[in-house]
Amino acid sequence: MSTVTRFAPSPTGLLHIGGARTALFNWLFAKKHGGKFILRIDDTDRERSTEEATAAILSGLQWLGIRWDDGPFYQHQLLARHMAVAQEMLAKGLAYKCFATQDDLTAMRAAAVAANRPPRYDGRWRDRPESDAPAGAPYVIRLKAPQNGETVIEDMILGSVTFRNAELDDFILLRADGSPTYMLSTVVDDHDLGVTHVIRGNEHLPNAARQLQLIRALGWAEPTYAHIPLIHGVDGTKLSKRHGAVGVEYYRDMGFLPDAMCDYLMRLGWAPGAEHPHLTKDQAAPLFDLSHVSKGPARFDLDALTSANFHFIKEAEPAYLADVARPFFEKELSRSLSDAERDLLVKALPGLKERAKTLPHLAESGAFYFRSRPIPMEEAAQALLDIDAKERLRLVRAKLGELADWSHDPIAAAIKAAVGELGVKFPAVGLPLRAALTGRTNSPGVADVLDLLGRDEALARLDEALS
Ligand code: GLU
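Below you will find a few notes about this structure. (Residues numbered from 1 in each chain as written. Predicted model: local features only at pLDDT ≥ 70, side-chain atom pairs only at ≥ 80, totals over all residues. Heavy atoms only, no water.)

Okay, the site of the ligand next. In the region of the ligand, the neighbouring residues are Arg6, Ala8, Pro9, Ser10, Asp42, Tyr182, Thr186, Arg200 and His204. Within the side chain of Arg6, one N or O atom sits 2.6 Å away from an oxygen atom of the ligand. In the environment of the ligand, a nitrogen atom lies 2.8 Å from a nitrogen or oxygen atom belonging to the side chain of Asp42. About the coverage of the ligand: the protein hides 82% of its 300 Å² of free accessible area. Looking at the shell around the ligand, its residues break down into three nonpolar, three polar and three charged. (Near = heavy atom within 4 Å. Polar contact = N/O pair within 3.5 Å; in protein donor to acceptor, adjacent residues only side chain to side chain. Areas by Shrake-Rupley, 256 points an atom, 1.4 Å probe, with all protein chains shown as cover. Nonpolar A, V, L, I, M, F, W, Y, C, P; charged D, E, K, R; others polar.)

In structure tokens form, the structure reads like this:
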């Protein structure tokens, strides 16, 4: 049987770090086994589900590059089928009508609390005839769950987890208004979609026991479960907004690359080994192994995400990087870049991308290429342009001005010739030259900068610094 996984978010908010990791683990597992990854939107809660949240989840996944092979399926469109299954179970005696009133349930709960027992439905309508209920009384449909024995989940991450059936009650399949519960809808859809592996956050572990009871009552194939431990903040507490419980697109806007984000997300619980310090998700898929996912909570650590970003910016193709970095350059410059400037950016990126941790950092370091004169000068750069330095730059300016061929090698040779004539070390020329051209104390090599700025702009910047 070929592997089918699914990501089934409830569209009630953004695609958070935890949800993105669940989606990625499902994607990785499906790829590893040559299977299929399905997206299902669990939107049966019509009050809390919104179209904005659905759109945010889809665009978050798209940004991360997590493509689904099938779907998205919208669970609320499948409700009739869920209801039909409940009715079928009722007809077969696998489920029953429960007429307990709100008052009955409140009293039941109070009695359980008083007796120090977990509050559970006591099964009072399990064997009672419908005729005992007042005519037309509202009812819910409950599963006739096993009352003895155990339900054991063989979880790929957590191992064997045992639930005593006596502690699980006859849970509701259909509410009084006829609507199916999450428990029923999930089981029916997972079955109908052929899901073989249910990989999700471990807050769903108790649901797995109930879902298994339901699946067994129906005589359906049981999926394999894998419950992923929670993500905590660096300080070990639950992930809060401050730590990063925000939508993944927040990280896009902060200048993180999707490859860095995926590399980081998959390490929240899974360690591919020291020989793989960084992996794209395609590289990771063949290595992915759920049985090596840690049982303990993972820790969200912005520094580790930043290191991954540093790596993937350095590795990125200039043309791709130019497109994703362009908005950050435009923000830095407070204007848009022309297409010619975008081409210049592609050429400038190999020299810039070695040192940037984020895209705003990249834009900050490379904006000088696009500034108009007079270019802004950092104080430390200005300080390099003292009288003696300017004297040396005049000779460089003269030699550059004579160049017939404005390209890297002749430029470098001209600078070298000036350095030789002046009898100084290279930095005595290189540092003020960089300051005059970029307004900064660090930049790519000066010959590259001169070459990319072009003769007219480069000489004009020098003349301005010398005036
Ligand atoms: N829709 C559920 C949620 O977002 C997940 C359902 C499941 O994975 O079984 O929490």
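The next subject is the nonpolar core. Ranked by internal contacts, the top residues of the largest apolar core, which has 80 residues, are Phe25 and Leu64. It is helix α1 (residues 17-32) that contributes the most residues to this core, nine residues altogether. Those residues within four positions of Phe25 in sequence are excluded, and the remaining contacts are Ile199, Ile228, Leu265, Met266, Leu268, Trp270, Phe288, Leu290 and Val293. In terms of nonpolar packing, the next biggest core, distinct from the first, is built from 53 residues, Ala363, Ala414, Val419 and Ala447 among them. (Core = buried A, V, L, I, M, F, W, Y, C linked by side-chain atoms within 4.5 Å. Buried < 20%, exposed > 50% of the residue type's maximum accessible area, 1.4 Å probe, protein only. Helix = DSSP H or I, 4+ residues; strand = E, 2+ residues; numbered from the N terminus. Contact = heavy atoms within 4.5 Å.)

Once that is clear, we can look at the environment of Gln147. By the element assignment, Gln147 lies in the loop between β5 (140-143) and β6 (150-155). Of the residues examined, Gln147 reaches a relative accessible area of 46% and is grouped as partly exposed. Setting aside anything within four residues of it in sequence, one finds Gln147 in contact with Arg126, Asn165 and Ala166.

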